[in-house]
2 protein chains.
Amino acid sequence: MELKSIKELLSSDKLLQEICVKGWIRTFRSNRFIALNDGSTIHNIQCVVDYENFPEDTLRQLNTGAAVSIVGTLVESQGKGQAVEIQVKEIEILGGANPEEFPIQPKKHSLEFLREKAHLRIRTNTFGAIMRVRSALSFAVHNYFRANGFNYVHTPIITGSDAEGAGEMFRVTTLDAKNPPLNDQNEVDYKEDFFGKETNLTVSGQLEGEAYAMALGKIYTFGPTFRAENSNTSRHLAEFWMIEPEVAFLDLDGNMDLAEDFIKNVLGYVLEHCEDDLKFLEARLIEEEKSKPQAQRSEMKLLEKLRFVTENNFKRVSYTEAIDILKNSKPNKKKKFNYIIEQWGADLQSEHERYLVEKHFKAPVILFDYPADIKAFYMRQNEDGKTVRAMDILFPGIGEIVGGSQREERYEVLQEKVKAMGIDEKELWWYMELRKFGSATHSGFGLGFERLVLFTTGMSNIRDVIPFPRTPQNAEF
Amino acid sequence: MELKSIKELLSSDKLLQEICVKGWIRTFRSNRFIALNDGSTIHNIQCVVDYENFPEDTLRQLNTGAAVSIVGTLVESQGKGQAVEIQVKEIEILGGANPEEFPIQPKKHSLEFLREKAHLRIRTNTFGAIMRVRSALSFAVHNYFRANGFNYVHTPIITGSDAEGAGEMFRVTTLDAKNPPLNDQNEVDYKEDFFGKETNLTVSGQLEGEAYAMALGKIYTFGPTFRAENSNTSRHLAEFWMIEPEVAFLDLDGNMDLAEDFIKNVLGYVLEHCEDDLKFLEARLIEEEKSKPQAQRSEMKLLEKLRFVTENNFKRVSYTEAIDILKNSKPNKKKKFNYIIEQWGADLQSEHERYLVEKHFKAPVILFDYPADIKAFYMRQNEDGKTVRAMDILFPGIGEIVGGSQREERYEVLQEKVKAMGIDEKELWWYMELRKFGSATHSGFGLGFERLVLFTTGMSNIRDVIPFPRTPQNAEF
């Protein structure tokens, strides 16, 4: 008998057929109703057991968390909330779950508790929904880029370059940890290390991505990136996934168009394909926020918020305009901001970004043309001599979700910039060569995937949207 | 004027329209014909220049590798080999390429030379074709699993566990390299390290994948994995991408069905979508093999070989049968093998695998039911007490491309196995718990993505099918 997924069965109209289903028991109540889940959907299928027909020993093992194989007949449901149910003929216990020991019992568990059980939390409704949405978002990313002529590029994870400058790095080594070999200068001799030089985990695939864009035209990366920063916040991970498209012959305006179209498209995909999971997560969020004061609750329901993003244009605002808005804002005048905006050139803090997005514009905002001094060396200088063609996309509740720029394509300008920032040009010889041979305008951006998953699922801690989070002092599993 | 990709233009029937195209010059000959490529396809578009109408200075810069923007009229081609060409009206030099300096000139470069120029080799036909095929294969992987109800899981890259046992690992650390902190036992004090314990780069996402399969039912991973092995061969990388599906309620037969269907499907996808690139790679391979003795040349052309795989059943052969075949084979009797097969229990070497695949069966082969002693601790024991439910898929020219198994789902059996292999059970506490709570039959496999790209493109060195290869002594770019 062919094994059917619960997702298939719940939408099946082939009643009265004998079917086989396997899954994990979520609940067994009244010695009669098994709620069975197999991960294919948030919904359980109800399996109705005539307990008179089954041995006591079998019934005793029908505990939450047990794996069972059930043969039965698909019938129209007598109860509410489901169209079909299974009239059970045979039950096989595949693997029990002692209720004294299995931690995921049918009651409310705190997210903190579940983080300690990352191998089992996926068996809850909440994490099942989050991870199915995460998977769908991933597919939507690949699908969007493929449909638009981009090639997927696997940029290296281990990098010999420390010039990317996006943050603190993890060292990758096979040298003896206690007694590393030393060279003549009495320094660690990385020539003896696996790669013959010091190597780190990448903080970004952008530079290598640029090399590929300058040949394939349109590329994107989607891979893990790393920050060895001691940030124990609800928005930072030491290991996270990043999406970085890069496009030749594209300027900053085109880059903004691309980022906006991309985000709308992937959110549109999950709205279309993950409705059940999103509805569950929406209800979860409403429930969770009940204990919060009104002012801290979300202004929109989850699905409404997602549709708001897909259906409205992002506001495009220059950094200079944004500074004017912030300088004249109430919280600035009343000194409610922790960092008061006094003049042009100030780096925007999360509180300022949130004010712009959540209070002033009430929409996703694209800020562009930032002061050169607060942005990376590779961003293209504007004619004004003081700003660069950078852009950040700010989302409600999340803050920065995208950072991008048009890249400096002029060899001499880049060379000066590299020098001024104290970067060793030799480290970047190959990156510089992209400006020497067939250089052209090009642009790209990076999107932190977990921030997108946070936004889409309405969760509030980034540790809850990646299967096994890595944070300071935590690499369990 | 909208920018068009060369791929679009070459199949366009909108003749006599004014169009704009941007790309890199592959060749400029007779002061008249620019072959322009933008990475969207292996094919160049011919741009016909009336040199009388352009300043000398512009013409002088039309060198191989230069980036140009061209406005012109799409017309029916007068020459052979293309349907359309561009009658050029305007040329803008976006970025020159000094022919004295630009290394990728229109002549044959060795693959070894190009590896030193990994940032520029992508501008050759060969690497353009390889990397477009690689991208299409990646998409085919995601597409196959999504269409079949699998969820994509990002398993961790940094792992605190060293129990996976698949090979030597890279250490990930932020401790001072020269003077690491020591503990009371005068050993390196990893409590002071970023994660509060010793951490490494993952060799496999399987164990974490199993945790997710035992809740979501069907999952797959597709991410980077690492081996710190000093293997300087044409088949090994220190950093490579692996695909690892894992399915609950699936036994080894189902696992074989899945692997075969999966491989046929992704190869079918590139046959359908990458015909031009594959044809180019086929011609390249024929050209390359001309210098080889007949016996070393491929028996089938590239496309024929790919179709052979998609159209024929893989041979399924038990390890025991394979040993019989090998023992009685000519090269074994004539002692031509470097490792003579004498008895059941021998580990198969590459020469044996190749004999089975290339000489005996002349087809992809799935070997199954291996001796327990030569396989990993997590593979399910057969009733015979000496074999496990392992499978390897062997491909012509490549050898092992897939390794998988049904997993040991019985707590006590796994516990004994872990003990017998000297693994610290405490390290695997969470993995053991998967057998304690709702355990069930489950299976999965790992496919080394670069080996699949090697097979598909007909390349012979694995360094040529990943953008920036990492091997011993080499982490440039």
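Residues numbered from 1 in each chain as written. Chains lettered and ligands numbered in written order. Predicted model: local features only at pLDDT ≥ 70, side-chain atom pairs only at ≥ 80, totals over all residues. Heavy atoms only, no water.

(A) How the structure looks around the overall build of chain A. Along chain A, the regular secondary structure elements total 14 helices and 16 strands. Structurally, chain A occupies a C-alpha span of about 85 × 60 × 45 Å along its principal axes. When each of the 477 residues of chain A is scored for burial, the buried share is 59%. About 19,800 Å² of surface is accessible on chain A, with carbon and sulfur atoms providing 43% of the total. Here chain A holds 60 positive side-chain charges and 73 negative ones, and the gap between their average locations is 6 Å. (Helix = DSSP H or I, 4+ residues; strand = E, 2+ residues; numbered from the N terminus. Buried < 20%, exposed > 50% of the residue type's maximum accessible area, 1.4 Å probe, protein only. Areas by Shrake-Rupley, 256 points an atom, 1.4 Å probe, with all protein chains shown as cover. Lys, Arg positive; Asp, Glu negative; His and termini not counted. Charge placed at Lys NZ, Arg CZ, Asp CG, Glu CD.)

(B) Spatial organisation of the environment of Glu450 of chain A. Residues and elements named next belong to chain A. Mapping Glu450 onto the fold places it in helix H14 (residues 449-457). Between the C-alpha atoms of Glu450 and Ile401, which are 49 residues apart in sequence, the distance is 9.3 Å. In this view, Glu450 contacts Arg134, Leu237, Phe240, Trp241, Ile462, Val465 and Ile466; residues no more than four positions away in its chain are not counted. (Contact = heavy atoms within 4.5 Å.)

(C) A look at the environment of Asp392 of chain B. All names here are of chain B. Tracing the sequence through the fold places Asp392 in strand S14 (residues 387-395). Accessibility expressed as a relative area gives 5% for Asp392, which makes it buried. Considering only alpha carbons, one finds Asp392 and Phe361, 31 residues apart in sequence, at a separation of 15 Å. Excluding anything up to four places from it in sequence, Asp392 contacts Val365, Ile366, Leu367, Tyr370, Lys375, Glu400, Val402, Gly403 and Gly404. One polar contact links Asp392 to Tyr370, side chain to side chain, over a distance of 3.2 Å. For Asp392, the side chain forms a polar contact with the side chain of Lys375, separated by 3.1 Å. (Polar contact = N/O pair within 3.5 Å; in protein donor to acceptor, adjacent residues only side chain to side chain.)

(D) The arrangement of the side chain of Asp189 of chain B in detail. Residue and element names in this part refer to chain B. Along the chain, Asp189 turns up in the loop between strand S8 (171-173) and strand S9 (199-201). Within the buried set, Asp189 has no salt-bridge partner at all; the shortest N-O distance to an opposite charge, 5.3 Å, is to Lys191. When near neighbours in sequence (up to four residues on either side) are disregarded, Asp189 contacts Leu175, Pro181, Leu182 and Asn183. (Salt bridge = Lys/Arg side-chain N within 4 Å of Asp/Glu carboxyl O.)

(E) Representation of helix H4 (residues 125-147) of chain A in the model. A rise of 1.5 Å per residue sets the reference length of H4 of chain A, with its 23 residues, at 33 Å; its end C-alpha atoms lie 32 Å apart and thus fit the reference within 8%. Burial analysis of H4 of chain A places 19 of its 23 residues in the buried class, the great majority of the element. (Expected span 1.5 Å × (residues − 1).)

(F) Quick look at the pattern of salt bridges. All names here are of chain A. Under the counting rule described, the total for this entry stands at 45 salt bridges over all chains. Ionic pairing is found between Glu260 and Lys264, a salt bridge with its closest N-O pair at 2.8 Å. Placement of the pair is Glu260 and Lys264 together in helix H6 (residues 252-273), with a separation of four residues, close to one helical turn. Each of the two residues, Glu260 as well as Lys264, counts as buried. Beyond isolated ion pairs, a larger network of salt bridges with shared partners links Asp257, Glu260, Lys264 and Arg316.

(G) A look at the confidence of the model for chain A. Confidence along chain A averages 95 in pLDDT terms, with 99% of residues attaining 70 or more. If you check the scores for this complex, the pTM reads 0.97 and the ipTM reads 0.97. (pLDDT = per-residue confidence, 0-100.)

(H) Just the domain arrangement of chain A, in detail. Residue and element names in this part refer to chain A. Domain assignment breaks chain A into domain 1 (6-104) and domain 2 (123-156 + 209-464). A C-alpha centroid distance of 44 Å is found between domain 1 and domain 2. Across the boundary between the two partners, domain 1 contributes 10 residues, which contact eight residues of domain 2. Sorting the residues of domain 1 by area buried against domain 2 places Arg26, Ile42 and Ile104 first, and these three jointly supply 62% of that buried surface. Across the domain 1-domain 2 interface, the total number found is zero salt bridges. Applying the counting rule to domain 1 against domain 2 returns four residue pairs in polar contact (both at pLDDT 80 or more). Within the side of domain 1 that touches domain 2, the residues separate by chemical class into four nonpolar, five polar and one charged. (Domains from an automatic or database assignment. Buried area = accessible area lost by both parts, 1.4 Å probe. Nonpolar A, V, L, I, M, F, W, Y, C, P; charged D, E, K, R; others polar.)

(I) Layout of the sheet that holds strand S12 (residues 315-318) of chain B. Residues and elements named next belong to chain B. Across the sheet, which stays open at both edges, the eight strands sit in the order S6-S10-S11-S16-S15-S14-S13-S12 with mixed pairing between neighbours. Looking at the sheet topology across the chains shown, the edges are occupied by strand S6 (151-152) and S12. Two elements, strand S10 (residues 218-226) and strand S11 (residues 239-248), share nine bridges in a ladder whose sense is antiparallel. Residue pairing in the sheet places Phe226 in a bridge with Glu239 of S11. Across the sheet, helix H11 (residues 350-361) touches S12, strand S13 (365-371), S14 and strand S15 (399-406), and the angle it forms with S13 is around 140°. (Pairing = 2+ DSSP bridges. Axes fitted to C-alpha atoms, helices over the stretch in contact; angles between N-to-C directions.)

(J) Fine view of helix H9 (residues 319-327) of chain B. Of all the positions in H9 of chain B, only Tyr319, Ala322, Ile323, Ile325 and Leu326 of chain B are classed as buried. Around the axis of H9 of chain B, the buried residues are gathered within 160° of arc, so they sit on the same side. (Arc of directions from axis to C-beta.)

(K) How the structure looks around the interface of chain B and chain A. The partner chain A presents 112 residues to the 112 residues of chain B that form the contact. The contact between chain B and chain A buries some 9,000 Å² in all, and 63% of this surface belongs to carbon and sulfur atoms. Inspection of the chain B/chain A interface yields two salt bridges. Note that Glu101 of chain B and Lys436 of chain A form a salt bridge whose closest N and O atoms lie 3.4 Å from each other. At the boundary of chain B with chain A, the tally comes to 41 residue pairs in polar contact (both at pLDDT 80 or more). For the side of chain B that touches chain A, the per-class residue count stands at 58 nonpolar, 31 polar and 23 charged. Of the pairings in the sheet, the one linking strand S8 (residues 171-173) of chain A to S8 of chain B comprises three bridges and is antiparallel in character. Considered in S8 of chain B, the bridge of Thr173 of chain A is made with Arg171 of chain B.

(L) Representation of the packing of aromatic side chains. The final tally for this structure, using the stated rule, is 57 aromatic pairs over all chains. For the pair Phe194 of chain A and Phe195 of chain A, a centre-to-centre distance of 4.8 Å together with 75° between the ring planes defines the contact as edge-to-face. Note on Tyr319 of chain A and Trp344 of chain A: the rings are 5.6 Å apart at their centroids and 85° apart in plane angle, and the pair reads as edge-to-face. Placement of Tyr319 of chain A in helix H9 (residues 319-327) and of Trp344 of chain A in the loop between helix H10 (330-333) and helix H11 (350-361) is noted, with a sequence separation of 25 residues between them. Classification of Tyr319 of chain A by relative accessible area gives buried; the value is 0%. Grouping aromatic residues by their ring pairs yields a cluster made of Tyr212, Phe377, Tyr378, Trp429, Trp430 and Tyr431 of chain A together with Phe468 and Phe477 of chain B. Here Lys305 of chain B stacks its cationic end above the ring of Phe455 of chain B, 4.0 Å away from the centre of that ring. A cation over a ring is seen here: Lys386 of chain B above Trp344 of chain B, with NZ or CZ 4.4 Å from the ring centre. (Phe/Tyr/Trp six-rings, centres within 6.5 Å; stacked < 30°, edge-to-face > 60°. Lys NZ or Arg CZ within 6 Å of the ring centre and 35° of its normal.)

(M) Spotlight on the relation of the copies chain B and chain A. Of the transformation placing chain B onto chain A, the axial shift is 0.0 Å and the rotation is 180°, giving an RMSD of 0.0 Å. The symmetry that links the two subunits is that of a two-fold axis. Scanning chain B for the C-alpha nearest the rotation axis identifies Val172 of chain B, at a separation of 2.4 Å. Mapped onto chain A, 100% of the interface residues of chain B again fall at the interface, so both copies present the same surface. (Least-squares fit on C-alpha atoms with pLDDT ≥ 70 in both.)

(N) Inspection of the packing of H4 of chain A against H6 of chain A at higher detail. Residue and element names in this part refer to chain A. Between H4 and H6, the least distance of the axes is 9 Å, while the angle of their chain directions is 135°. For the element pair H4 / H6, the angle class is oblique. As for the relative orientation of H4 and H6, their crossing is right-handed in sense. Judged by residue contacts, Val133, Ala136, Leu137, Phe139, Ala140, Val141, Asn143, Tyr144 and Phe145 of H4 engage Leu258, Asp261, Phe262, Asn265, Val266, Leu267, Tyr269 and Val270 from H6. In terms of residue class, the contact of H4 with H6 is made up of 14 nonpolar, two polar and one charged. (Parallel < 35°, antiparallel > 145°, perpendicular 65-115°, else oblique. Left-handed = near helix turned anticlockwise from the far one by under 90°.)

(O) Structural context of the pairing of strand S4 (residues 67-76) of chain B. Residue and element names in this part refer to chain B. Judged by how many residues are buried, S4 sits mostly within the fold: nine of 10 residues are covered. With 10 bridges connecting them, S4 and strand S5 (residues 84-95) associate as antiparallel partners. Paired with Ile70 across the two strands is Ile91, which belongs to S5.

(P) How the structure looks around the sheet that holds strand S2 (residues 33-37) of chain A. Taken together, the five strands give a closed barrel; going around it, the order is S1-S2-S3-S5-S4 (chain A), and neighbouring strands pair in mixed fashion. On average, adjacent strands in this sheet sit at an angle of 55° to one another, irrespective of strand direction.

(Q) Representation of the environment of Asn382 of chain A. All names here are of chain A. By the secondary structure assignment, Asn382 is in the loop between strand S13 (365-371) and strand S14 (387-395). By relative accessible area, which is 15% here, Asn382 ends up buried. Sequence separation between Asn382 and Glu187 is 195 residues; the distance between their C-alpha atoms is 42 Å. Asn382 has contacts with Asp369, Thr387, Val388 and Arg389, leaving out every residue within four places of it along the chain. At 3.3 Å, the side chain of Asn382 and the side chain of Arg389 are in polar contact.

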